[in-house]
Amino acid sequence: MGRIQVRRGRRGDLDRIVAIESLAFDADRLSRASLSRYLTAPSAALLVVVADGVVAGYGLIGLRRGGRRASLYSIAVDPAFGRRGLGRALLQACERRARAAGREALTLEVRVDNAAAAALYEQLGYRKFDVVEDYYEDGAAALRMVRTFGPARAMRLAHGGRRARPAPGAAGGG
Ligand SMILES: CC(C)(COP(=O)(O)OP(=O)(O)OC[C@H]1O[C@@H](n2cnc3c(N)ncnc32)[C@H](O)[C@@H]1OP(=O)(O)O)[C@@H](O)C(=O)NCCC(=O)NCCS
(Lines give C-alpha, C1' and ligand atoms only; values in the text may rest on other atoms or scores of the structure.)
Protein backbone atom coordinates (compact mmCIF):
# COMPACT_ATOMS: atom_id res chain seq x y z
CA MET A 1 0.00 0.00 0.00
CA GLY A 2 1.24 3.47 -0.88
CA ARG A 3 1.09 6.57 1.22
CA ILE A 4 -1.91 7.08 3.46
CA GLN A 5 -3.18 10.44 4.56
CA VAL A 6 -5.88 11.49 7.01
CA ARG A 7 -7.60 14.81 6.39
CA ARG A 8 -10.88 16.56 7.06
CA GLY A 9 -13.78 15.27 5.01
CA ARG A 10 -15.11 17.57 2.30
CA ARG A 11 -18.41 17.86 0.47
CA GLY A 12 -16.87 16.10 -2.54
CA ASP A 13 -16.12 13.01 -0.37
CA LEU A 14 -19.78 12.43 0.49
CA ASP A 15 -20.50 9.78 -2.18
CA ARG A 16 -17.52 7.70 -1.05
CA ILE A 17 -18.37 8.12 2.65
CA VAL A 18 -21.94 6.94 2.01
CA ALA A 19 -20.63 3.99 0.00
CA ILE A 20 -18.20 3.03 2.79
CA GLU A 21 -21.03 3.26 5.34
CA SER A 22 -23.07 0.77 3.36
CA LEU A 23 -20.11 -1.56 2.71
CA ALA A 24 -18.95 -1.57 6.33
CA PHE A 25 -22.26 -1.81 8.22
CA ASP A 26 -25.20 -4.21 7.77
CA ALA A 27 -27.51 -2.17 10.00
CA ASP A 28 -27.62 0.98 12.15
CA ARG A 29 -26.22 2.97 9.23
CA LEU A 30 -25.94 6.73 9.29
CA SER A 31 -28.05 8.26 6.54
CA ARG A 32 -26.60 10.31 3.71
CA ALA A 33 -28.35 13.37 5.16
CA SER A 34 -26.74 12.84 8.58
CA LEU A 35 -23.31 12.24 7.10
CA SER A 36 -23.71 15.36 5.00
CA ARG A 37 -24.60 17.43 8.07
CA TYR A 38 -21.64 16.06 10.02
CA LEU A 39 -19.28 17.27 7.31
CA THR A 40 -19.97 20.86 8.34
CA ALA A 41 -21.38 20.62 11.88
CA PRO A 42 -19.33 22.65 14.36
CA SER A 43 -20.07 20.07 17.07
CA ALA A 44 -18.47 17.24 15.09
CA ALA A 45 -15.37 16.41 13.10
CA LEU A 46 -15.47 14.01 10.18
CA LEU A 47 -12.08 12.79 9.00
CA VAL A 48 -11.31 10.63 5.99
CA VAL A 49 -8.35 8.41 5.24
CA VAL A 50 -7.03 8.45 1.68
CA ALA A 51 -5.10 5.42 0.46
CA ASP A 52 -3.82 4.92 -3.06
CA GLY A 53 -5.59 8.18 -3.94
CA VAL A 54 -9.01 6.86 -2.84
CA VAL A 55 -11.12 7.81 0.18
CA ALA A 56 -10.98 4.45 1.93
CA GLY A 57 -12.49 5.12 5.35
CA TYR A 58 -13.88 7.72 7.65
CA GLY A 59 -13.98 8.53 11.35
CA LEU A 60 -16.52 10.78 13.03
CA ILE A 61 -16.27 12.32 16.48
CA GLY A 62 -18.76 14.42 18.38
CA LEU A 63 -17.50 17.51 20.17
CA ARG A 64 -20.49 18.69 22.13
CA ARG A 65 -20.09 22.29 23.22
CA GLY A 66 -18.69 22.62 26.71
CA GLY A 67 -18.09 18.88 27.02
CA ARG A 68 -14.89 17.49 28.51
CA ARG A 69 -14.94 14.35 26.43
CA ALA A 70 -15.29 13.65 22.75
CA SER A 71 -17.42 10.74 21.48
CA LEU A 72 -16.54 8.46 18.62
CA TYR A 73 -19.80 8.37 16.65
CA SER A 74 -18.54 6.12 13.89
CA ILE A 75 -15.48 4.65 12.25
CA ALA A 76 -15.47 2.55 9.11
CA VAL A 77 -13.01 1.33 6.51
CA ASP A 78 -13.94 0.00 3.06
CA PRO A 79 -13.46 -3.79 3.42
CA ALA A 80 -11.33 -3.75 0.24
CA PHE A 81 -8.79 -1.72 2.26
CA GLY A 82 -9.21 -3.64 5.52
CA ARG A 83 -6.47 -4.75 7.86
CA ARG A 84 -3.83 -2.40 6.47
CA GLY A 85 -3.67 -0.01 9.39
CA LEU A 86 -6.21 2.51 8.07
CA GLY A 87 -8.63 2.06 10.98
CA ARG A 88 -5.80 2.61 13.44
CA ALA A 89 -4.59 5.71 11.57
CA LEU A 90 -8.13 7.12 11.54
CA LEU A 91 -8.71 6.50 15.22
CA GLN A 92 -5.38 8.08 16.13
CA ALA A 93 -6.27 11.12 14.01
CA CYS A 94 -9.65 11.34 15.78
CA GLU A 95 -7.80 11.30 19.10
CA ARG A 96 -5.48 14.09 17.95
CA ARG A 97 -8.50 16.13 16.85
CA ALA A 98 -10.20 15.57 20.22
CA ARG A 99 -7.08 16.60 22.10
CA ALA A 100 -6.65 19.67 19.93
CA ALA A 101 -10.20 20.62 20.95
CA GLY A 102 -9.11 20.37 24.59
CA ARG A 103 -10.92 17.11 25.34
CA GLU A 104 -9.66 14.85 28.11
CA ALA A 105 -10.91 11.58 26.72
CA LEU A 106 -12.59 9.81 23.84
CA THR A 107 -15.53 7.52 24.58
CA LEU A 108 -17.19 5.03 22.24
CA GLU A 109 -19.74 2.26 22.01
CA VAL A 110 -19.07 -1.02 20.25
CA ARG A 111 -21.29 -4.05 19.65
CA VAL A 112 -20.41 -6.88 22.00
CA ASP A 113 -19.95 -9.16 18.98
CA ASN A 114 -17.70 -6.79 16.97
CA ALA A 115 -14.39 -8.51 17.61
CA ALA A 116 -12.43 -6.56 14.97
CA ALA A 117 -13.38 -3.15 16.34
CA ALA A 118 -12.93 -4.24 19.96
CA ALA A 119 -9.43 -5.50 19.13
CA LEU A 120 -8.55 -2.16 17.51
CA TYR A 121 -9.80 -0.22 20.53
CA GLU A 122 -8.01 -2.44 23.02
CA GLN A 123 -4.81 -2.15 21.00
CA LEU A 124 -5.03 1.64 21.34
CA GLY A 125 -5.59 1.55 25.08
CA TYR A 126 -9.37 1.80 25.42
CA ARG A 127 -10.90 0.16 28.47
CA LYS A 128 -14.43 -1.06 29.04
CA PHE A 129 -16.44 0.79 31.64
CA ASP A 130 -20.07 -0.11 30.97
CA VAL A 131 -22.43 -2.38 29.07
CA VAL A 132 -25.63 -0.96 27.57
CA GLU A 133 -28.26 -3.62 26.87
CA ASP A 134 -30.50 -3.29 23.81
CA TYR A 135 -28.37 -0.54 22.28
CA TYR A 136 -28.56 -1.50 18.60
CA GLU A 137 -31.55 -1.85 16.23
CA ASP A 138 -31.52 -5.65 16.59
CA GLY A 139 -31.34 -5.52 20.37
CA ALA A 140 -27.61 -6.28 20.66
CA ALA A 141 -25.75 -4.83 23.61
CA ALA A 142 -22.95 -2.27 23.41
CA LEU A 143 -19.76 -2.07 25.39
CA ARG A 144 -18.85 1.46 26.37
CA MET A 145 -15.11 2.13 26.23
CA VAL A 146 -12.95 5.13 27.04
CA ARG A 147 -9.43 6.31 26.54
CA THR A 148 -8.20 9.16 28.69
CA PHE A 149 -5.48 11.42 27.37
CA GLY A 150 -3.26 11.41 30.42
CA PRO A 151 -0.43 13.68 29.23
CA ALA A 152 -2.84 16.38 27.99
CA ARG A 153 -4.44 16.44 31.39
CA ALA A 154 -1.10 16.65 33.16
CA MET A 155 -0.06 19.49 30.86
CA ARG A 156 -3.28 21.35 31.54
CA LEU A 157 -2.79 21.03 35.29
CA ALA A 158 0.79 22.20 34.92
CA HIS A 159 -0.47 25.26 33.06
CA GLY A 160 -2.84 26.34 35.78
CA GLY A 161 -5.98 24.89 34.25
CA ARG A 162 -5.67 26.52 30.85
CA ARG A 163 -6.25 24.41 27.81
CA ALA A 164 -3.04 22.64 26.90
CA ARG A 165 -1.89 22.32 23.32
CA PRO A 166 -0.81 18.80 22.51
CA ALA A 167 2.90 18.46 21.95
CA PRO A 168 3.84 18.03 18.28
CA GLY A 169 3.38 14.41 17.32
CA ALA A 170 1.74 13.57 20.65
CA ALA A 171 -0.91 11.53 18.91
CA GLY A 172 -2.96 9.05 20.83
CA GLY A 173 -1.40 5.86 19.73
CA GLY A 174 -0.65 2.76 21.63
C1 LIG B 1 -13.11 -1.82 12.72
C2 LIG B 1 -12.47 -1.30 11.42
C3 LIG B 1 -12.69 0.21 11.32
C4 LIG B 1 -10.96 -1.60 11.46
O5 LIG B 1 -10.38 -1.04 10.29
P6 LIG B 1 -9.06 -1.66 9.61
O7 LIG B 1 -8.46 -0.59 8.76
O8 LIG B 1 -9.35 -2.95 9.01
O9 LIG B 1 -8.16 -1.89 10.92
P10 LIG B 1 -6.54 -1.85 11.02
O11 LIG B 1 -5.94 -2.49 9.82
O12 LIG B 1 -6.12 -0.48 11.37
O13 LIG B 1 -6.35 -2.83 12.26
C14 LIG B 1 -6.00 -2.37 13.53
C15 LIG B 1 -6.24 -3.48 14.53
O16 LIG B 1 -7.64 -3.77 14.62
C17 LIG B 1 -7.83 -5.17 14.84
N18 LIG B 1 -8.52 -5.76 13.71
C19 LIG B 1 -8.86 -5.14 12.54
N20 LIG B 1 -9.53 -5.97 11.75
C21 LIG B 1 -9.64 -7.14 12.41
C22 LIG B 1 -10.26 -8.37 12.13
N23 LIG B 1 -10.91 -8.59 10.97
N24 LIG B 1 -10.18 -9.35 13.04
C25 LIG B 1 -9.56 -9.17 14.22
N26 LIG B 1 -8.94 -8.00 14.56
C27 LIG B 1 -8.99 -7.00 13.67
C28 LIG B 1 -6.43 -5.75 14.98
O29 LIG B 1 -6.11 -5.66 16.36
C30 LIG B 1 -5.62 -4.79 14.16
O31 LIG B 1 -4.27 -4.76 14.49
P32 LIG B 1 -3.22 -5.78 13.76
O33 LIG B 1 -3.53 -5.73 12.30
O34 LIG B 1 -1.89 -5.19 14.13
O35 LIG B 1 -3.52 -7.11 14.37
C36 LIG B 1 -13.06 -2.03 10.18
O37 LIG B 1 -12.96 -3.42 10.40
C38 LIG B 1 -14.50 -1.69 9.86
O39 LIG B 1 -14.78 -0.73 9.15
N40 LIG B 1 -15.45 -2.50 10.37
C41 LIG B 1 -16.86 -2.30 10.06
C42 LIG B 1 -17.40 -1.08 10.71
C43 LIG B 1 -17.26 -1.15 12.21
O44 LIG B 1 -17.51 -2.17 12.83
N45 LIG B 1 -16.87 -0.02 12.83
C46 LIG B 1 -16.72 0.08 14.25
C47 LIG B 1 -18.03 0.38 14.87
S48 LIG B 1 -17.87 0.54 16.64
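Above this note sits the structure.
Notes on the structure follow. Please read all numbers here as calculations on a predicted model, not as lab measurements.

### Remarks on the nonpolar core
Link 1 in the chain: Counting 37 residues, the largest nonpolar core has L47, V49, Y58, I61, L86, L90 and C94 as its most contacted members.
Link 2 in the chain: Elements with a minimum of two residues in this core: α1 (14-24), α2 (32-40), β2 (44-51), β3 (54-62), β4 (69-77), α3 (86-100), β5 (105-111) and β7 (142-148).
Link 3 in the chain: At 7 residues, α3 tops the list of elements feeding residues into this core.

### Some details on the packing of α1 against α2
Link 1 in the chain: Between α1 and α2, the least distance of the axes is 10 Å, while the angle of their chain directions is 130°. Taken together, the axes of α1 and α2 are oblique relative to one another. Seen along the crossing, α1 lies across α2 with a hand that is right-handed. Between α1, through L14, I17, V18 and E21, and α2, the contact on the second element is made entirely by R32, L35, S36 and L39.
Link 2 in the chain: Of the residues contributing to the contact of α1 with α2, the split by class is 5 nonpolar, 1 polar and 2 charged.

### Structural notes on unusual backbone geometry
Link 1 in the chain: The backbone of D52 sits at a positive phi, close to 50°, despite the residue not being glycine.
Link 2 in the chain: Positive phi outside glycine occurs at D134, with the angle close to 55°.
Link 3 in the chain: Within the secondary structure, D134 is located in the loop between β6 (127-132) and β7.
Link 4 in the chain: In this structure D134 comes out as exposed when scored by C-beta crowding, with 10 C-beta atoms within 10 Å.

### Brief notes about the environment of L14
Link 1 in the chain: Residue placement: L14 occurs in helix α1.
Link 2 in the chain: Note on L14: 16 C-beta atoms within 10 Å, which makes it partly exposed.
Link 3 in the chain: The spatial distance from the C-alpha of L14 to the C-alpha of L39 is 8.4 Å, given a sequence separation of 25 residues.
Link 4 in the chain: Among residues more than four places away in sequence, those in contact with L14 are L35, S36 and L39.

Definitions and cut-offs
Every chain is numbered independently, its residues counted from 1 as its sequence is written. At least 70 in pLDDT is required for a residue's local features to be given in this predicted model, at least 80 for side-chain atom pairs to be given and counted, and no such filter applies to totals for whole chains, interfaces and linings, which use all residues. The nonpolar core criterion groups buried Ala, Val, Leu, Ile, Met, Phe, Trp, Tyr and Cys residues into a set whenever they are joined through C-beta atoms within 7 Å. Burial is judged by counting other C-beta atoms within 10 Å of a residue's own C-beta: 20 or more means buried, 12 or fewer means exposed, and anything between counts as partly exposed, with every C-beta placed from the backbone. In this text, helices come from DSSP runs of H or I with a minimum length of four residues, and strands from runs of E with a minimum of two, each type numbered from the N-terminal end. Lines fitted to C-alpha atoms define the axes, with helix axes restricted to the stretch in contact, and inter-axis angles between N-to-C directions lie between 0 and 180 degrees. Small angles under 35 degrees read as roughly parallel and large ones over 145 as roughly antiparallel, with 65 to 115 read as roughly perpendicular and the rest as oblique. A crossing counts as left-handed when the near helix is turned anticlockwise from the far one by less than a right angle, and as right-handed when that turn is clockwise. We call two residues in contact when their backbone-placed C-beta atoms lie within 7 Å. Here the nonpolar group is Ala, Val, Leu, Ile, Met, Phe, Trp, Tyr, Cys and Pro; Asp, Glu, Lys and Arg are the charged ones; every other residue, Gly included, is treated as polar.

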